[in-house]
Protein chains: 2
Amino acid sequence: MNIVGVDLGGTYVKIGLVDSKNGKILKKSSIETKVELGGQEVVKRIANAILELTEGTDYHAVGIGSPGSIDKENGIVRFSPNFPDWHNFPLGSLLSELLGKNVYVENDANSFALGEKWFGAGIGKNHIVALTLGTGVGGGVISHGTLITGSTGIGAELGHVIINPNGPLCGCGNYGCLESYASATAIVRMATERKKKFPDSIIFKNEKVTAKAVFDAARDGDRLALMLRDEVVEALAIGITGFVHIFNPEVVIIGGGVSRAGDILFEPLRKRVNELVMPTFKDTFEIIQSPLVENAGILGAASIVLQREN
Amino acid sequence: MNIVGVDLGGTYVKIGLVDSKNGKILKKSSIETKVELGGQEVVKRIANAILELTEGTDYHAVGIGSPGSIDKENGIVRFSPNFPDWHNFPLGSLLSELLGKNVYVENDANSFALGEKWFGAGIGKNHIVALTLGTGVGGGVISHGTLITGSTGIGAELGHVIINPNGPLCGCGNYGCLESYASATAIVRMATERKKKFPDSIIFKNEKVTAKAVFDAARDGDRLALMLRDEVVEALAIGITGFVHIFNPEVVIIGGGVSRAGDILFEPLRKRVNELVMPTFKDTFEIIQSPLVENAGILGAASIVLQREN
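Definitions and limits used
Residues numbered from 1 in each chain as written. Chains lettered and ligands numbered in written order. Predicted model: local features only at pLDDT ≥ 70, side-chain atom pairs only at ≥ 80, totals over all residues. Heavy atoms only, no water. UniProt positions renumbered as here; feature names shortened; annotations may be inferred. Pairing = 2+ DSSP bridges. Helix = DSSP H or I, 4+ residues; strand = E, 2+ residues; numbered from the N terminus. Salt bridge = Lys/Arg side-chain N within 4 Å of Asp/Glu carboxyl O. Buried < 20%, exposed > 50% of the residue type's maximum accessible area, 1.4 Å probe, protein only. Domains from an automatic or database assignment. Contact = heavy atoms within 4.5 Å. Buried area = accessible area lost by both parts, 1.4 Å probe. Polar contact = N/O pair within 3.5 Å; in protein donor to acceptor, adjacent residues only side chain to side chain. Core = buried A, V, L, I, M, F, W, Y, C linked by side-chain atoms within 4.5 Å. Axes fitted to C-alpha atoms, helices over the stretch in contact; angles between N-to-C directions. Least-squares fit on C-alpha atoms with pLDDT ≥ 70 in both.

You'll find chain A entered in an unreviewed UniProt entry as Glucokinase, with Thermosipho africanus given as the organism. You can read under Sequence similarities (unreviewed entry) in the UniProt record for chain A the words "Belongs to the ROK (NagC/XylR) family."

(A) Structural detail: the pairing of strand 6 (residues 76-79) of chain A. Residues and elements named next belong to chain A. Bridge count for strand 5 (residues 69-71) against strand 6 is 3 bridges, and the pairing is antiparallel. Its bridge partner lying in strand 6, Ile70 is registered against Val77. Hairpin geometry of strand 5 and strand 6 is characterised by an intervening segment of 4 residues between the two adjacent antiparallel strands and by a positive phi of about 65° at Gly75.

(B) Molecular detail of the pattern of salt bridges. A complete count under the given rule lists 24 salt bridges over all chains for this structure. Between B:Arg219 and B:Asp216 there is a salt bridge; the shortest N-O distance is 2.8 Å. Placement of the pair is B:Arg219 and B:Asp216 together in helix 6 (residues 211-219), with a separation of 3 residues, close to one helical turn. When the shortest N-O distance is used, the salt bridge between B:Asp230 and B:Arg229 registers 2.9 Å. We classify B:Arg229 as buried; its relative accessible area is 13%. One salt-bridge network, in which partners are shared between bridges, spans A:Glu234, A:Lys271, A:Arg272 and A:Glu275.

(C) Structural view of the domain arrangement of chain A. Residues and elements named next belong to chain A. What the domain assignment reports for chain A is domain 1 (2-114 + 295-309) and domain 2 (124-290). Centre-to-centre separation of domain 1 and domain 2, based on C-alpha positions: 27 Å. Listed by partner, the interface residues are 11 residues for domain 1 and 19 residues for domain 2. When domain 1 packs against domain 2, close to 1,000 Å² is buried across both sides, 61% of that on carbon and sulfur atoms. For domain 1, the biggest contributors to the area lost against domain 2 are Asn110, Phe112 and Ala113; these three give 49% of the whole. Connecting domain 1 to domain 2 are 2 residue pairs in polar contact (both at pLDDT 80 or more). At the level of secondary structure, the elements contributing two or more residues to the side of domain 1 that touches domain 2 comprise strand 5 and helix 3 (108-119).

(D) Highlighting the nonpolar core. Core analysis: the biggest nonpolar cluster contains 118 residues, and A:Ile203, A:Leu236, A:Ile240, B:Leu131, B:Ile203, B:Leu236 and B:Ile240 have the highest contact counts within it. Ignoring sequence-local partners within four residues, the contact set of A:Ile203 consists of A:Ala191, A:Val209, A:Ala213, A:Val214, A:Ala217, A:Asp222, A:Leu224, A:Ala225 and A:Leu228.

(E) Region of the structure containing the sheet that holds strand 1 (residues 2-8) of chain B. Residue and element names in this part refer to chain B. As summarised here, the arrangement of the 5 strands in space is 3-2-1-4-7, forming an open sheet in which the pairing is mixed. Strand pairing shows two members of the sheet lacking a second neighbour, strand 3 (24-32) and strand 7 (102-107), which therefore form its edges. Across the sheet, the mean angle from the axis of one strand to that of its neighbour is 20°, orientation sign disregarded. Strands in contact with helix 2 (residues 91-99) are strand 1, strand 4 (61-66) and strand 7; relative to strand 7, the strand with the most contacts, it is inclined by about 155°. Running over the sheet, helix 3 (residues 108-119) touches strand 2 (12-19), strand 4 and strand 7 and is turned about 110° from strand 7.

(F) Focus on the interface of chain A and chain B. Contacts between the two partners involve 40 residues from chain A, matched on the other side by 40 residues from chain B. Here chain A meets chain B over a buried area of about 3,300 Å², counting both sides, of which 66% is carbon and sulfur. Our enumeration of links across chain A and chain B arrives at 0 salt bridges. Scanning the region where chain A abuts chain B turns up 24 residue pairs in polar contact (both at pLDDT 80 or more).

(G) Summary view of the pairing of strand 12 (residues 286-289) of chain A. For strand 11 (residues 251-255) of chain A and strand 12 of chain A, the ladder comprises 4 bridges, and the chain directions are parallel. Within strand 12 of chain A, the position partnered with A:Ile253 by the bridge is A:Ile288.

(H) Structural context of the relation of the copies chain A and chain B. After a rotation of 180° and a shift along the axis of 0.0 Å, chain A superposes on chain B with an RMSD of 0.0 Å. On the angle and the small slide along the axis, the relation comes out as a two-fold axis. Closest approach to the rotation axis within chain A is made by the C-alpha atom of A:Asn164, at a distance of 2.5 Å. Of the interface residues in chain A, 100% have counterparts in chain B that sit at the interface too, so the contact is made through matching surfaces.

See below:
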């Protein structure tokens, strides 16, 4: 069975035709979102891109992973920081009308968790904590096989768990949320704040500071970079320890741009979480880098269909 | 239908015959646990107490809420700080053999959450976060109607979420767990540490410092007591804000000895959590003092049967 997965971002929409048996992406395309054209027009553009991509092929249904607060029952984007004009926008039904197919909508961090369950590091598992470390820190949790979305569908905000009340100001207005330490944005901020003290750090050899530059420099033994890496590890370890104590998961899967740092991040992180968890939790879980990489969005979106119809 | 609920504590075992229709406790009794006699003997004593309590009445099954790590499928107490000699102790099957009835075992903090769902402040709700503030801080979570126990049955350890990595040493070995701020033990410790600075505080008018004395003194305007109250509120607010962001619950129910402080604790707590949660979470939940009070243990234990057979 083929499914269309739509990874709806603020700048680009990535669309893929996915074979649900094995998660193979048969075809994919990408269009600009062009939010400024308005919701109706964005939906039309997505519909046209799907029609083009699937020309001559049949497909079963469409899953869309969207940032923001989603009314999943009705396929409505309640609101989204990425689409400031969308208030209770009926994304699902509008697209469904244009295509004549069932369309399922889910928050993008939740759909990342579903993608890992169906096609990634969570296959066969019913207890999954998933984190995406990107511009922000997104969370998705599957517990006892159920996606944890909560009573009004806005749960699993793992990035906004406070891990140090004396920590940096977070975009949400609180201090010391996980996001304020472990997002790419936070890492760049933490590096930039220390530029004066560490002017010779190779983090600053290019004008634009990036999280990737920080981890690359750490791999080269750069002092500031290693210090920043340790701070990110400590923050993530405190957060993940809490999630382990709460959900007792089989696996903690970390994706998003920052996760591509690889071993320089994951090795000390595994060690530190193992020190922090209570003895009974040791060896009950693994911490894994998302294997889906650049296909995580499309596969996650396609998984929404599988999870809902399961 | 009548159910026997057994609240197994380190010092006392409380047993009640519960009408499952309305949660009315028809009869109850209490015996000393006498852990020192060994597990087999403790089970015999419980069986005899149940036979005595239910003489002449029929009952359907038995639920036991026990401290420690429970293998709920098999009714086994893996281990428990309260019963140091019990390792993989088959509590359920031993009691079941003696009584000829089905016996269900669950962790006591989880059974507290179930008791609230079936008979307390969580009736009709599917998203409940429950905290017990006693000697330690216990947690129980019902999400999408399911008790969250995790992959090996040890989840929902809400008391051991780190809320301030620079906080006090917790019994678990970490620093700044919720339990290290909001348990009765922590409150007594925090008060005692400041006795030298506040020798005239009415907290110390009796030789034995208790959490109750702290909240009573706060109600009388005692300066140290109000300071301690504020610290407990801040810690609980940070923890609860995290649980709200994670579970998006309908209700956060707080029980255990400390909860009996009432408004002097709950009013500032509600205010502070409301300040800390992200705007989308405002008005999605209530924070409620457990209404079950001294019957919470028995009713929770009886609810295990209802939840499992439901």
